[in-house]
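Each chain, letter by letter, is given below.
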Amino acid sequence: SAVISQKPSRDICQRGTSLTIQCQVDSQVTMMFWYRQQPGQSLTLIATANQGSEATYESGFVIDKFPISRPNLTFSTLTVSNMSPEDSSIYLCSSSRGTGGRETQYFGPGTRLLVL
Amino acid sequence: GQSLEQPSEVTAVEGAIVQINCTYQTSGFYGLSWYQQHDGGAPTFLSYNALDGLEETGRFSSFLSRSDSYGYLLLQELQMKDSASYFCAVRDEGGGFKTIFGAGTRLFVKA
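Rules and cut-offs
- Residues numbered from 1 in each chain as written.
- Chains lettered and ligands numbered in written order.
- Predicted model: local features only at pLDDT ≥ 70, side-chain atom pairs only at ≥ 80, totals over all residues.
- Heavy atoms only, no water.
- Helix = DSSP H or I, 4+ residues; strand = E, 2+ residues; numbered from the N terminus.
- Buried < 20%, exposed > 50% of the residue type's maximum accessible area, 1.4 Å probe, protein only.
- Contact = heavy atoms within 4.5 Å.
- Areas by Shrake-Rupley, 256 points an atom, 1.4 Å probe, with all protein chains shown as cover.
- Buried area = accessible area lost by both parts, 1.4 Å probe.
- Salt bridge = Lys/Arg side-chain N within 4 Å of Asp/Glu carboxyl O.
- Polar contact = N/O pair within 3.5 Å; in protein donor to acceptor, adjacent residues only side chain to side chain.
- Core = buried A, V, L, I, M, F, W, Y, C linked by side-chain atoms within 4.5 Å.

A. Main features of the overall build of chain A. Looking only at helices and strands, chain A features 0 helices and 11 strands. Shown N-terminal to C-terminal, the secondary structure of chain A runs as helices and strands in the order β-β-β-β-β-β-β-β-β-β-β. With the C-alpha coordinates aligned to their principal axes, the bounding extent of chain A is approximately 45 × 30 × 25 Å. Here chain A, with 116 residues, has 50% of them falling under the buried criterion. Within chain A, contacts between residues at least 6 apart in sequence are counted, and of these 54% link residues at least 24 apart. Summed over its atoms, the accessible surface of chain A is roughly 5,500 Å², and 49% of this surface lies on carbon and sulfur atoms.

What follows is the structure, given as structure tokens:
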């Protein structure tokens, strides 16, 4: 299994500020994914981060609001920019392991963000 | 577009068997997965079906029918610790290998 760590684990931020979330995987992976989850809700994919190329954003998410870096095969950051209370959520980093189509997705512990 | 449907809540008693259904609609399909998430925790992988049929892993089994765009997770010998949210998810190869999650089924196991 993959071990994924995230920093910070939680934060309380003022509206209008930005927060950068770091994600570290214990081994090299091709793709990393960033999800958002409201308490009691499902996981919504924000973007897919590939090393050496720009992230691919899902409908409703834009690079100016959620810039992503992927400097190497074990690390990625997600920045939540110009935050508003609506950005309060759990942000989860994820990567896949496996071959032959039997890939398993592993998740970090999440970053709990509260915007005041 | 892509969509997955699963029941929002299921309640069962300890020792019982419960089945959580999932129907999906995707532009591409590369497999159906199931994840468990306890309150305050991260989702953890339970099972994966790429081909029709039943996959068994201990007390948990998962079934897929590609022709019906349907699958289910079967939990046997329920334990209190099985109380959690269960998500079905599809891996859409056509969409860049991303995984899309259903809304989740909250399972309550009663003594």
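B. View of the environment of G53(B). In this fold, G53(B) is placed in strand β6 (residues 53–57). For the pair G53(B) and S65(B), spaced 12 residues apart in the sequence, the C-alpha separation amounts to 6.8 Å.

C. Geometry of the interface of chain A and chain B. Facing the 20 residues of chain A at the interface are 19 residues of chain B. Interface area for chain A against chain B, summed over the two sides, is near 1,600 Å², with a carbon-plus-sulfur share of 51%. Where chain A meets chain B, there are 0 salt bridges. Summed over the shared surface of chain A and chain B, the result is 6 residue pairs in polar contact (both at pLDDT 80 or more). When contributions to the side of chain A that touches chain B are tallied by element, the ones reaching two or more residues are β4 (31–37), β5 (43–50) and β10 (104–107) of chain A. The greatest single-element share of the side of chain A that touches chain B, amounting to 4 residues, is contributed by β4(A).

D. Highlighting the nonpolar core. All names here are of chain A. With 24 residues, the main nonpolar core has W34, I46, F66, I68, L78, Y91 and L113 as its most contacted residues. Counting only elements with at least two residues in this core, the list comes to β3 (19–25), β4, β5, β8 (75–80), β9 (89–97) and β11 (111–115). Top contributing element to this core by residue count: β3, with 4 residues. In contact with F66, other than residues within four places in its own chain, are R36, I46, Y57, F61, L78, T79, V80, D87 and Y91.

Remember that the coordinates give geometry; whether it matters functionally is a separate question.
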